[in-house]
Amino acid sequence: MSTFLHTMVRIRDIDRSLAFYKLLGMKELRRKEVREGRYTLVFIGFDDNEHGQAEIELTYNWDQETDYEVGTGFGHFAIGVPDVAALVETVRSGGGKVTREAGPLKFGTIIIAFVEDPDGYKIELIEKT
């Protein structure tokens with residue numbers, strides 16, 4: 001059986017990115033430095049991956065001097081959370097960027113919000129009760 005493993009995004013600052021994703025309740029699961037290739041991989045998620053969760057792979061290229069351009073084909077990550085409004089406030093108070101306040105989906109009742117990580121990647125927060 002096939003399993004979705006992870007999505008990789010390139011980042012400019014490991015500490016800044018980890019601090020942001022920690023606001024969402026995620027944690028560093030493992031890290032690999034590749035000195036020969038001059039990059040670091042940091043895998044983040046919500047638990048120790050016993051349950052086969054999908055992860056985000058943060059790729060830090062040591063010699064990248066300019067910001068990456070987030071591709072026009074990329075949409076967003078989606079994370080199910082118990083209280084969207086509370087998490088939006090956590091992100092805001094932690095210095096994160098909120099791009100859509102918590103509220104019902106247009107033409108629906110599901111509560112969503114959007115936040116943005118330090119590199120400009122959008123994260124949709126979906127209330128899962």
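Just so you know, the residues in each chain are numbered from 1, in the order the chain's sequence is written. Under the rules for a predicted model, residues below a pLDDT of 70 receive no local features and side-chain atom pairs below 80 are neither given nor counted, while totals for whole chains, interfaces and linings still include all residues. Computation of side-chain values: all heavy atoms of the structure, hydrogens and water removed.

Here we look at the sheet that holds strand β5 (residues 77-81)
Now for step 1: One requirement defines pairing of two strands: DSSP has to find at least two bridges between them. Elements are defined by DSSP. Helices are runs of H or I of four residues or more, strands are runs of E of two residues or more, and each kind is numbered from the N terminus. Strand order across the open sheet formed by four strands is β5-β8-β7-β6, with mixed pairing between neighbours. Among the strands making up the open sheet, the edge pair consists of β5 and β6 (97-104). Going from strand to strand, the sheet's axes swing by 20 degrees on average, the running direction of each strand aside.
Now for step 2: For β6 and strand β7 (residues 111-116), the ladder comprises five bridges, and the chain directions are antiparallel. Considered in β7, the bridge of Lys-97 is made with Glu-116. To obtain an axis, a line is fitted to C-alpha atoms, over the contacting stretch when the element is a helix, and the angle between two such axes runs from 0 to 180 degrees between their N-to-C directions.

Remarks on helix α2 (residues 84-93)
Now for step 1: Relative accessibility decides the category of a residue: with a 1.4 Å probe and only protein chains considered, values under 20% of the type maximum give buried, values over 50% give exposed, and everything between is partly exposed. Every buried residue of α2 is listed here: Val-84, Leu-87, Val-88 and Val-91. The arc that holds every buried residue of α2, seen down its axis, measures 105 degrees, which confines them to one face.
Now for step 2: Two residues qualify as a contact provided that any one of their heavy atoms is within 4.5 Å of a heavy atom in the partner residue. Buried residues along α2 sit in contact with α1 (14-23), β5, β6, β7 and β8 (122-127).
Now for step 3: One side-chain oxygen at the N-terminal end of α2 lies 3.3 Å from the backbone nitrogen of Ala-85; it belongs to Asp-83. Summarising the geometry, the arc corresponds to the directions from the helix axis toward the C-beta atoms. Polar contact is defined as a pair of N or O atoms within 3.5 Å, subject to the rule that within protein one atom must be able to donate a hydrogen and the other to accept it, and that residues adjacent in sequence are counted only when both atoms are side-chain atoms.

What about the sheet that holds strand β1 (residues 6-11)?
Now for step 1: Spatial ordering of the open sheet is given by β1-β4-β3-β2, a layout of four strands whose pairing is mixed. Both outer strands of the open sheet, β1 and β2 (27-34), are each paired with one neighbouring strand and no more. Going from strand to strand, the sheet's axes swing by 20 degrees on average, the running direction of each strand aside.
Now for step 2: Note: β1 against strand β4 (residues 55-61), six bridges, orientation parallel. From the neighbouring strand, Met-8 faces β4, where its bridge partner is Glu-57.

Function cannot be read off these values alone, since they describe shape.
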